[in-house]
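Secondary and tertiary structure notes
If you want the building blocks of each chain, they are given just below.
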Amino acid sequence: MSLDKLLDLVNSYGSFLLNGLLISFYLTASSYLIGFALGVLISISRAYGPGFVKALCQAFVELTRGTPMLIQLFLIYYVLPRVDLALDPLPAAIIAIGLNSAAYQSEYLRASMSSISYSQWEAALSIGLTKLQAIREVILPQSIRIAIPTLANELIYLFKYSSVAYFITVPELIYVSKFIGSRTFLYIEVYSIIAVIYVAFSIAATEAFKFIERKTSIPGLRISARL
Amino acid sequence: MNGFLTYVPVILMGVWNTLILSTAGFLLATLLGLLMAFIEVFSPKPISITVDWVTRVLRGVPLLLALLLVFYGLPRVGIALPNIASAIIGITIVDSGYQAQLFRGAIEGVGERQLEAAYSIGLSKWAAFRYIIAPQAFRAALPGWLNEFTIVLKDSSIAYAIGVTELFTQAVHVAQVVLDYLQPLILVSIVYFSICYPLSIISERARRKLLAMGVAAV
Amino acid sequence: MKVVLEVSNLWKFFGKSPVLRGVSFSVREGEAKVILGPSGAGKSTLLRCINLLIKPDRGSIILDGEEVTAPGVNVARVRSKIGFVFQHFNLFNHLTALENVMLGLIKVKGMNRDDAFKVARESLLSVGISEDLWSKYPAQLSGGQQQRVAIARAIAMSPRLVLFDEPTSALDPELIWEVLRVMEKMSKERMTMIVVTHELGFAMKVADEVVFMDSGAIVERGPPEEVILRPRNERVRRFMERMQYVYSLK
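This is a predicted model, so every value here is computed, not measured.

Let us now look at the overall build of chain C. For chain C, the count of helices and strands is nine helices and 10 strands. The C-alpha atoms of chain C give 18 Å as radius of gyration, which agrees with the globular expectation for 250 residues (18 Å, within 12%). For chain C, the residues scored as buried account for 49% of the 250 residues in total.

So, about the sheet that holds strand S8 (residues 193-196) of chain C. In sheet architecture, strand pairing relies on hydrogen bonds along the backbone and comes in two forms, parallel and antiparallel. Residue and element names in this part refer to chain C. Read from one edge to the other, the open sheet built from six strands follows the order S6-S7-S8-S3-S9-S10, with strand pairing classed as mixed. The sheet terminates laterally at strand S6 (82-85) and strand S10 (217-222), the two strands that pair on one side only. Neighbour to neighbour, the strand axes of the sheet diverge by 20° on average, direction disregarded. Looking at chain direction, strand S3 (residues 32-36) and S8 are connected through four bridges and run parallel. Bridge pairing in S8 places Val34 opposite Val195. Here helix H5 (residues 143-156) sits on the sheet in contact with S6 and strand S7 (161-165), set at roughly 175° to S6.

Moving on to helix H3 (residues 69-79) of chain A. Two residues of an α-helix separated by three or four positions point the same way, owing to the 3.6 residues in each turn. Counting buried positions along H3 of chain A yields eight of 11 residues, so the element is predominantly enclosed. Structurally, H3 of chain A contributes buried residues whose contacts are with helix H2 (51-65), helix H4 (89-114) and helix H6 (131-161) of chain A together with helix H7 (167-178) and helix H8 (182-212) of chain B.

With that settled, consider helix H5 (residues 118-126) of chain A. Among the residues making up H5 of chain A, those that are buried are Ala123, Ala124, Leu125 and Ser126 of chain A. Considering only its buried residues, H5 of chain A is in contact with H6 of chain A together with helix H2 (75-80) and S6 of chain C. One or two residues past the end of H5 of chain A sits Gly128 of chain A, with phi positive at roughly 100°.

Residues and elements named next belong to chain A. Two elements in contact, H4 and H6, have axes separated by 8 Å at closest approach and are oriented at 145°. Note on packing geometry: the crossing formed by H4 with H6 is right-handed. Contacts between H4 and H6 involve Ile97, Ser101, Tyr104, Gln105, Tyr108, Leu109, Ser112 and Met113 from the first element and Ile139, Ser143, Ile146, Ala147, Thr150, Leu151, Glu154, Leu158 and Tyr161 from the second.

Taken together, the contacts link 31 residues of chain B with 30 residues of chain A. Sorting the residues of the side of chain B that touches chain A by element identifies helix H2 (45-60), helix H3 (63-76), helix H6 (125-155) and H8 of chain B as the ones contributing at least two each. Ranked by residues supplied to the side of chain B that touches chain A, first place goes to H8 of chain B with 10 residues. Among the residues forming the side of chain B that touches chain A, the class breakdown is 20 nonpolar, six polar and five charged.

Now for the sheet that holds strand S1 (residues 3-14) of chain C. All names here are of chain C. Read across the sheet, four strands follow the order S2-S1-S4-S5 without closing on themselves; strand pairing throughout is antiparallel. Both edges of this open sheet fall to strand S2 (17-28) and strand S5 (66-67), since each of them pairs with a single strand only. Summarising the sheet, S1 and strand S4 (residues 58-63) pair through five bridges and their orientation is antiparallel. Residue Leu5 lies in a different strand from S4, and its bridge partner there is Leu63.

This next bit is on the pairing of S7 of chain C. All names here are of chain C. Of all the five residues making up S7, five are buried; the element is thus mostly covered by neighbouring parts of the structure. Taking every second residue as pointing to the same face, both faces of S7 are buried, with Leu161, Leu163 and Asp165 on one and Val162 and Phe164 on the other. Pairing between S6 and S7: four bridges, direction parallel. Considered in S7, the bridge of Ile82 is made with Leu161. The pairing of S7 with S8 spans four bridges and is classified as parallel. Within the sheet, the bridge partner assigned to Val162 lies in S8 and is Met193. Regarding the hand of the β-α-β motif, the stretch spanning S7, helix H6 (residues 173-188) and S8 is right-handed.

Cut-offs used in this document
Residues numbered from 1 in each chain as written. Chains lettered and ligands numbered in written order. Predicted model: local features only at pLDDT ≥ 70, side-chain atom pairs only at ≥ 80, totals over all residues. Helix = DSSP H or I, 4+ residues; strand = E, 2+ residues; numbered from the N terminus. Rg over C-alpha atoms; globule rule 2.2 N^0.38 Å. Buried ≥ 20, exposed ≤ 12 C-beta atoms within 10 Å, placed from the backbone. Pairing = 2+ DSSP bridges. Axes fitted to C-alpha atoms, helices over the stretch in contact; angles between N-to-C directions. Contact = placed C-beta atoms within 7 Å. Left-handed = near helix turned anticlockwise from the far one by under 90°. Nonpolar A, V, L, I, M, F, W, Y, C, P; charged D, E, K, R; others polar. Right-handed = clockwise from strand over helix to strand, strands pointing away.

Right, here's the structure in full:
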């Protein structure tokens, strides 16, 4: 594969690739936010909710974590239309990946919540905060801070996993690459280019998050080894 | 039942390929991951850093893309392999990056003090590794290692992209014949779940047990 | 003088075993009451019952004439009127010293940030936490400093009464005095307080009344010189002999 060929490829199809990248970003960001919001809700419900809500949340989390994301994606894209809920590929992918991520993010938050000692809860109540205030002002901020490394990791994971949206024809990076490949028969060249893109973003994001984590870290607030 | 039941055996035949695919890919990734972890921990800095970057690159590639690269790439250099072999190679490559990270964390997690104590009673470098570091690192890595297998098992469904006739592929093919996705997908979900869920419980138990023993799992 | 707190016939069971068996006492405005006793006597449980962190099984607690153990009472409002100082400080780990004191003022008392800051500043200065420490996180402070911030957090709410649960037990010996000094000052300023502690010297100096608890009940009470130096009860005498060996009092 000569350099000329590669440059040619980028020249003629660069805008396709850029669009694919933007869709991948959009997909990742939206499903991550859905996953975070639901993840917070689920982790709180599992810690403080009434019994049946706890059970419901646990069932959702275990079922989601116990099955491939691909199945969840296909269920939402191919089965929901049967109950008159036909979604376009992109929203279907956002919802499927978002729900999947919610299960994982709720687990990360649950782990960090359980590492916060009961005395923080007692102290919050002792100054007169209500339970809801104690969760919002004391427990949740600490849990999120502690979970930042794993939550950041999840975002990078999602960026890579967002590629499964390819299977339901969302025009993300891999989908447009396949399209370009089918036009030019330069499959390997295109795939190599986007491999570089994925790797570059993953590594850059990892470094960026490490930096942010260092900058925003609070002394004494991290997952204690719990020994 | 629109004929779905007659197709159940067809779908379940995919279980074997799923198991072969994920087990082979996973175990090969373990070998490769261990090798890279050892190099990262025990070799001189330039080599260690190079290998560290290799693992970072491997972790940066989506499995789907790795499969496509292997599947379309090998024939280009004159190697023709069955789909399932390409899938195993793809899984091995990507997962070895993650496992290297896991094992490295486990070895480094044992810590300087244990090593100091080992040297203090006169153990050689090798003996210290063999009798002090390795047993602890092995335990610390165990829960994460089991968990990693469930990830590989679930992700092996992505081999659908290159036409490997594993569980998920079979389900989709049957779905297209019986014109119903729900039943085939539920069926394969049950299969995946009945393997992953027990494993995740075992992993969690091991994690807790190790914690009680004073070993923080990676 | 006005009675601030009245505890009558308080019972608490953990499972089947009683931790409190019919404890009764009252606290007058400006009084400093010190509770002594061996560990497991129920002292800590008693304080937590008063602050409604634990629900007593029987008996009543009356704060400023209001029965706070009655059903339907707004628990958070009651707690905001009672300060609590914990053995392990329990500062909020994600907040700075200043924010720790301001949180309750803003969220519970509904103050704006400016007013909350003014109040927090006064409290922090009154416990000797100077401005250079206000932006520090708990993990960056010494134990003595953390406990003084915790006291500031309690008194900033202008409580009717402050409960201290072994406030110096988790401190290094040379840091104990800075906390005790603050508590002594509070008492001189007529803050109503109940202090569970093993610091006999502090009890001698500050307590208006000493209460000795054992196995969930009050076994002796009176002026500190009486209870500490001339106890009548056999159990209390043995306890005091041991304590006096440790502290070489007399």
